[in-house]
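Residues per chain, in single letters:
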Amino acid sequence: MSRLSKPRILVVGELNVDIVVAGLQSVPKEGAEILARDCELTLGSASAIFAVGMSKLGHPVTFVSQVGKDSFGDFCISALKQSGVSTRNVTRTDEKTGVTVALSSVRDRALVTFQGAISTLTEDRINRSLLQRHQHLHLTSYYLQQGLQPSFADLFRQAKALGLTTSFDPNSDPAGGRRSKKIDAVLRHTDVLFVNECEASNLTGMPSAKSALKSLGKLVPCAVVKLGHKGAIAIKDNQVSTDSGFKIRARDTTGAGDSFDAGFISAYLRESPISECLRIGNACGALSALRVGGTAGQPTQQELEVFLRSAAKRSR
């Protein structure tokens, strides 16, 4: 399938750099110093990592966001352009570009985010006519984007009215707490919902991933719970699908979940079975985790197919 024949993807969201400190053996303690094996300045934000993942898989992608008039903003825009993502709708503001410091170990990561321009992106910066030129809309980082948050539901509602499919990965709430009723309005217009185990529990109040998944399946047509190194589970039309993922030696898990989202949605838009969507999502997440940063390890369609064939041979 050629790039031009693949559905056009619109991503509206936050944009920042990531400073990834990788290879930590433990979490830093106050007043003490630990050593890292690697450190990289990379393109950050869940929205941008998803956008680049979709572009690498051959989809035309338009990104709507804002960054500061600073070197970090220059870095973000340059990285997106190099990955084939359209940045015509990324504006510059007098506020500083957002920064996330990711402290990454082989098991998990901890994030410290300076929001900067992230929190002040509002709907007046969005050209709504873009919806008419795309087939799918993806939104993420609901809690970080205070300026855009009130418009999430309406963006999805309008997208659905125009025939677009939608996907939503709210990410975690830095303030903690249970689900806000405001997010229910977004879920009403969501086709595919992505959450991790902790987020699934917070949204539903259910203690286990499977019980939370069934509860989420009543709210959206397709819900996916990402389980990290244990793979992922999904529900669609009351049918639960599972995939155990791939055994790898992860170098950095930053952005692996967003790379999973890109792989899943790429397959979903081809109307692949949900089990295959999970498999492809897990493959994209695994490949992402082999490199430092969210985008360096993301596969092209050809690289993805080679990885899947190799994994199939090893499992025989």
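Our structure is the block above this text.
Attention in this report is confined to the structure presented alongside it.

What counts, and at which threshold
- Within any chain, residue numbers begin from 1 and follow the written order of that chain's sequence.
- Reporting in this predicted model follows two pLDDT cut-offs: at least 70 for local features of residues, and 80 or more for side-chain atom pairs to be given and counted; totals over whole chains, interfaces and linings ignore these cut-offs and use all residues.
- Based on all heavy atoms of the structure, the side-chain values leave hydrogens and waters out of the count.
- Working definition: with a 1.4 Å probe on protein chains only, accessible area under 20% of the residue-type maximum means buried, over 50% means exposed, and in between means partly exposed.
- Only DSSP runs of H or I covering at least 4 residues are called helices, and only runs of E covering at least 2 are called strands; the numbering of each starts at the N terminus.
- Arc, as used here, means the arc of the directions from the helix axis to the C-beta atoms.
- We call two residues contacting when some pair of their heavy atoms lies within 4.5 Å.
- Here a cavity denotes a set of grid points, spaced 1 Å apart and computed over the protein atoms alone, in which a 1.4 Å probe fits but from which it cannot get out, and a pocket denotes an open set meeting protein on both sides within 12 Å along at least five of seven lines; residues with an atom within 4 Å of a point are reported as lining.
- Grid points are joined across faces, edges and corners, and a volume is the space filled by probe spheres set on the points.
- Each residue is assigned to one class: nonpolar for Ala, Val, Leu, Ile, Met, Phe, Trp, Tyr, Cys and Pro, charged for Asp, Glu, Lys and Arg, and polar for all the others, Gly among them.
- We define the nonpolar core as a collection of buried residues of types Ala, Val, Leu, Ile, Met, Phe, Trp, Tyr and Cys that are connected through side-chain atoms lying within 4.5 Å of one another.
- For every element, the axis is a line fit to its C-alpha atoms; helices are fit only across the contacting stretch, and the angle between N-to-C directions ranges from 0 to 180 degrees.
- For classification purposes, an angle smaller than 35 degrees is called roughly parallel, one larger than 145 roughly antiparallel, one from 65 to 115 roughly perpendicular, and anything else oblique.
- Should the near helix be turned anticlockwise from the far one by less than a right angle, the crossing is termed left-handed; should it be turned clockwise, right-handed.
- Residue count minus one, scaled by 1.5 Å, sets the expected span of a helix.
- If DSSP finds at least two bridges between two strands, the strands pair.

Concerning helix α5 (residues 197-204)
- Among the residues making up α5, those that are buried are Glu199, Ala200, Leu203 and Thr204. Down the axis of α5, the sector holding all buried residues measures 115°, keeping them to one side.
- Tucked inside the fold, the buried residues of α5 contact β9 (165-169), α4 (181-187), β10 (192-196), α6 (209-216) and β11 (222-226).

Considering empty space enclosed by the protein
- Here the structure, examined in full by the defined rule, presents one cavity of 30 Å³ or more.
- Approximately 30 Å³ is the volume found for the largest cavity.
- Around the largest cavity sit Gly53, Leu57, Ser259, Ala262, Cys284, Gln298 and Pro299, which together line it.
- Residue composition of the lining of the largest cavity, grouped by class: four nonpolar, three polar and no charged.

Points about the nonpolar core
- Core analysis: the biggest nonpolar cluster contains 46 residues, and Leu15, Phe63, Val224 and Phe264 have the highest contact counts within it.
- Take this core: its biggest share by element is eight residues, from helix α8 (residues 274-289).
- Beyond its immediate stretch of four places on either side in the chain, Val224 contacts Val192, Leu193, Phe194, Val195, Leu213, Ile233, Ala234, Phe260, Phe264 and Leu278.
- Grouped together as the second largest cluster of nonpolar side chains are 36 residues, Leu137, Tyr142, Leu148 and Phe168 included.

Examining the packing of helix α1 (residues 46-56) against helix α7 (residues 256-268)
- At a minimum axis distance of 8 Å, the contact between α1 and α7 shows a crossing angle of 40°. Considered as vectors, α1 and α7 are oriented oblique to each other. As for the relative orientation of α1 and α7, their crossing is right-handed in sense. Of the residues in α7, those touching α1 at Ala46, Ile49, Phe50, Gly53 and Met54 are Asp258, Ser259, Asp261, Ala262, Ile265 and Ser266.
- Partitioned by chemical class, the residues of the contact of α1 with α7 number six nonpolar, three polar and two charged.

A closer look at the environment of Leu57
- Along the chain, Leu57 turns up in the loop between α1 and β4 (61-68).
- Accessibility expressed as a relative area gives 2% for Leu57, which makes it buried.
- Here Leu57 is in contact with Lys6, Ala262, Gly263, Ser266, Cys284, Pro299, Thr300, Gln301 and Leu304, once residues within four sequence places are set aside.

Quick look at helix α2 (residues 71-82)
- Given a rise of 1.5 Å per residue, twelve residues ought to cover 16 Å, and the 16 Å separating the end C-alpha atoms of α2 matches this to within 8%.
- All of the buried residues in α2 are Gly73, Cys76, Ile77, Ala79 and Leu80. Each buried residue of α2 lies within a common arc of 160° when the element is viewed along its axis, so the set occupies one face. For α2, exposure combined with an orientation more than 90 degrees from the buried face picks out Ser71, Lys81 and Gln82.
- Gly84, located one to two residues past α2, shows a positive phi value of around 85°.

A word on the sheet that holds strand β7 (residues 109-114)
- The sheet built from four strands is open, its strands ordered β3-β2-β6-β7 with mixed pairing. Across the chains shown, the open sheet's two edge strands, defined by having one partner strand only, are β3 (38-44) and β7. In this sheet, neighbouring strand axes are inclined to one another by 20° on average, regardless of whether the strands run parallel or antiparallel.
- Across the sheet, α1 is in contact with β2 (16-22) and β3; its angle to β3 comes to roughly 80°.
- Lying over the sheet, α2 contacts β2, β3 and β6 (98-104), oriented at roughly 75° with respect to β3.

As for unusual backbone geometry
- Although it is not a glycine, Asn171 adopts a positive phi angle of roughly 65°.
- Secondary-structure assignment places Asn171 in the loop between β9 and α4.
- For Asn171, a relative accessible area of 22% translates into the label partly exposed.
- A positive phi angle, near 65°, is found at Asn238, a position not held by glycine.

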